[in-house]
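These are the residues of each chain, in order.
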Amino acid sequence: MVTDPDDPVVSGAVNLRDVGGLPAGASITRHGVLFRSGNLAQLDEHGTAALGGLGLRRIIDLRADDEVAHAPSRIDGLEIVTQRVPLFLGSVESFFADDISLDEMYRQLVDDSSAGVVDVVRGIVTDQPVLVHCTVGKDRTGVTVALTLAAAGVDLDAVVADYARTEVLLPEWRNRRVVQLLRAMHPEATHLEDLATRSPAPVMQALLDDVTTRFGSPADYLRAHGFADDEIAELQQVLLRPR
């Protein structure tokens, strides 16, 4: 696992990082505004206190009801608005059972959960600092944060690189355990390790290319699903500052 000294240290948090410092033409993303992570179910007392120290005003949880019930966030005592936006229309288990590729999963998310994606971006615009998370912080979080950053004008190679970082932030012991458990249930699945552990840059690049081909740009994707021009402008103001 490779960490960055600028990443917040929150013991028990999975794949937690600040998306500040990404280039966006003549601008750069602000630090301390938008965070992303996996679940918050393993926070210890120090982790909960450290999370509170980030000054978060909103947490956007992209998990389904069964995931939340199985692994509730340990944020008791923190006065933070929690916004629930379940993004997968099917269960997480169904993706492994159906053995779909990451490309297929992301295309389904963009097409079938567009209203949820817009709700997430609106939540980011409404309150900051804000944390967006799912279970691992790889797929639902990866897609929504990538679309948010791209719609704000972040350089696409930086958006792709931020997505790809997840793969090096997931602990090897976690990957081994998860793959072993899933392989016992789905011994013939060909996409299992990609779905469980990987965030390949070409997959996100292909998704952003597809969104641009079909809608004009990531910002136009949001516009096509009800996001207004003034909201795009506010998103840029919230996330970006001059270099």
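All values derive from a computational prediction rather than experimental measurement.

Thresholds, definitions, all that
Residues numbered from 1 in each chain as written. Predicted model: local features only at pLDDT ≥ 70, side-chain atom pairs only at ≥ 80, totals over all residues. Heavy atoms only, no water. Pairing = 2+ DSSP bridges. Helix = DSSP H or I, 4+ residues; strand = E, 2+ residues; numbered from the N terminus. Buried < 20%, exposed > 50% of the residue type's maximum accessible area, 1.4 Å probe, protein only. Arc of directions from axis to C-beta. Contact = heavy atoms within 4.5 Å.

Caption draft 1: Expanded view of the sheet that holds strand E1 (residues 17-18). If you walk across this open sheet you meet the five strands as E1-E4-E7-E5-E6, and the pairing is mixed. Strands with a single pairing partner mark the edges of an open sheet, and in this sheet they are E1 and strand E6 (81-84). Bridging between strand E4 (residues 34-37) and strand E7 (residues 130-133) involves four bridges; their strand directions are parallel. Bridged to Phe-35 within E7 is Leu-131.

Caption draft 2: Just helix H13 (residues 229-239), in detail. Taken as a whole, H13 has its buried residues at Glu-231, Ile-232, Leu-235, Val-238 and Leu-239. Down the axis of H13, the buried side of the element spans an arc of 125 degrees, and every buried residue falls inside it. The outward face of H13, more than 90 degrees from its buried face, is lined by the exposed residues Asp-229, Asp-230 and Gln-237. On its buried face, H13 sits against strand E3 (27-29), E4, helix H5 (114-126), helix H6 (140-152), helix H12 (218-224) and strand E8 (240-242).

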